[in-house]
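# Coordinate inspection notes
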Amino acid sequence: MPNPDGSIVHLDGIHKWFGDNHVLRGIDLALQEGDVQVVVGPSGGGKSTLLRCVNLLELPSSGHVWFDGRDITDIRTDLNRVRTHIGMVFQSFNLFPHMRALRNITLPLEKVLGLSSAEAEERARDQLARVKLSEKADAYPGSLSGGQQQRVAIARALAMRPRLMLFDEVTSALDPELVGEVLQVMKDLAAEGMTMVVVTHEMGFAREVGTRLVFMDQGVIVEEGEPRQVFANPRTERLQEFFGEIL
């Protein structure tokens, strides 16, 4: 049975090649509902590719991705339908610059979910309030700070009411003083019980909020465990070196 533990996400033997570059080398990973799984590691270690394989933005070269008990790597899967349940926020905000913040959120609700304009606007305003940006509904992205734009992007993903949220280094493009406002939104989501996979270099967030820490290097999971235990007692020399460089 692919996910006997009832996991919401189960990666089974995921390999990913880009030409001759073997980026993921047999990844096995399970995520329970309500988990906040934080993925850390050096650049080029495969973290973002792993995240993109979860919702099949990158198709694994081999292996299976199970979501909510279904093998979504099966060619018969309606991926567009699956992705409505998986929100993703990227390092770049990917907002439409010619649309106001509110419209950036309502557009996918209308086009993908088929909500009426009134329903979409109500849901969008609720999510802007959730990320503490109600007053910016009519602002264009260019007039917002990087942190505000990223919070709009998070609100857009949340408006779809996903069961799983994926965050791909969402603070790495922000000025240091803006990082905290985005991390606070993510902390609030974790406190509400949102299931999340977070690729990040923010070790404080990993230690404080993560329910599980995954350390990746050269396409493999080198070490994983409860974050505070992993930080206090890294078992592998490679993770000890990594912490020595960044902590």
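In case you missed it, the structure is sitting above this.
Counting starts from 1 at the beginning of each chain's written sequence and moves along it residue by residue. A pLDDT threshold of at least 70 governs which residues receive local features in this predicted model, and a stricter bar of 80 or more applies before side-chain atom pairs are shown or counted, although totals over entire chains, interfaces and linings include all residues. In computing side-chain values, all of the structure's heavy atoms are included and hydrogens and water are not.

## Digging into the sheet that holds strand β6 (residues 86-89)
Each pair of strands is called paired provided DSSP finds at least two bridges between the two strands. Here a helix means four or more residues in a row that DSSP labels H or I, a strand means two or more in a row labelled E, and each is numbered from the N terminus. Spatially, the six strands line up as an open sheet ordered β6-β7-β8-β3-β9-β10, and their pairing is mixed. In the strand order of this sheet, the two ends are held by β6 and β10 (220-225), each with one partner. The mean angle between the axes of side-by-side strands here comes to 15 degrees, regardless of whether they run parallel or antiparallel. Direction of pairing for β6 relative to strand β7 (residues 164-168): parallel, over a ladder of four bridges. Of the residues in β7, the one forming a bridge with valine 89 is phenylalanine 167. Should any heavy atoms of two residues lie within 4.5 Å, those residues are counted as being in contact. Every angle, taken between N-to-C directions, lies between 0 and 180 degrees, and every axis is a line fitted to C-alpha atoms, over only the stretch in contact when it is a helix. Strand contacts of helix α6 (residues 176-191): β3 (36-40), β7 and β8 (195-199), with the helix running at about 145 degrees to β8, the strand carrying the most contacts. This element, helix α9 (residues 237-246), spans β3, β9 (212-217) and β10 of the sheet and lies at about 100 degrees to β9.

## Observations concerning unusual backbone geometry
You will see that leucine 56, though not glycine, has its phi angle at about 60 degrees, which is positive. Take leucine 56: it is sitting in the loop between α1 (47-54) and β4 (62-67).

## Some thoughts on the pairing of strand β1 (residues 9-18)
Relative to strand β2 (residues 21-31), β1 runs antiparallel, the two being bridged by eight bridges. From the neighbouring strand, leucine 11 faces β2, where its bridge partner is leucine 29. Once β1 ends, the chain turns through two residues before running back antiparallel as β2, passing glycine 19 with a positive phi of about 65 degrees. Taken together, the five bridges between β1 and β4 define a ladder with antiparallel strand orientation.

## Brief notes about the packing of aromatic side chains
Any two aromatic rings considered together are summarised by their centre-to-centre distance and by the angle between their planes. Classification of ring pairs rests on two measures: the distance between centres of Phe, Tyr or Trp rings, Trp counted by its six-membered ring, which must be within 6.5 Å, and the angle between planes, read as stacked under 30 degrees, edge-to-face over 60 and tilted in between. In this structure the tally under the stated criterion is three aromatic pairs. Ring geometry for phenylalanine 215 against phenylalanine 242: centres 5.1 Å apart, planes inclined by 40 degrees, an arrangement best described as tilted. In this pair, phenylalanine 215 is assigned in strand β9 and phenylalanine 242 in helix α9, connecting sequence segments 27 residues apart. Taken as a pair, phenylalanine 215 and phenylalanine 242 share a single burial class, namely buried. Note on exposure labels: buried denotes an accessible area under 20% of the residue type's maximum, exposed denotes more than 50%, and partly exposed covers the range between, all computed with a 1.4 Å probe on protein chains only.

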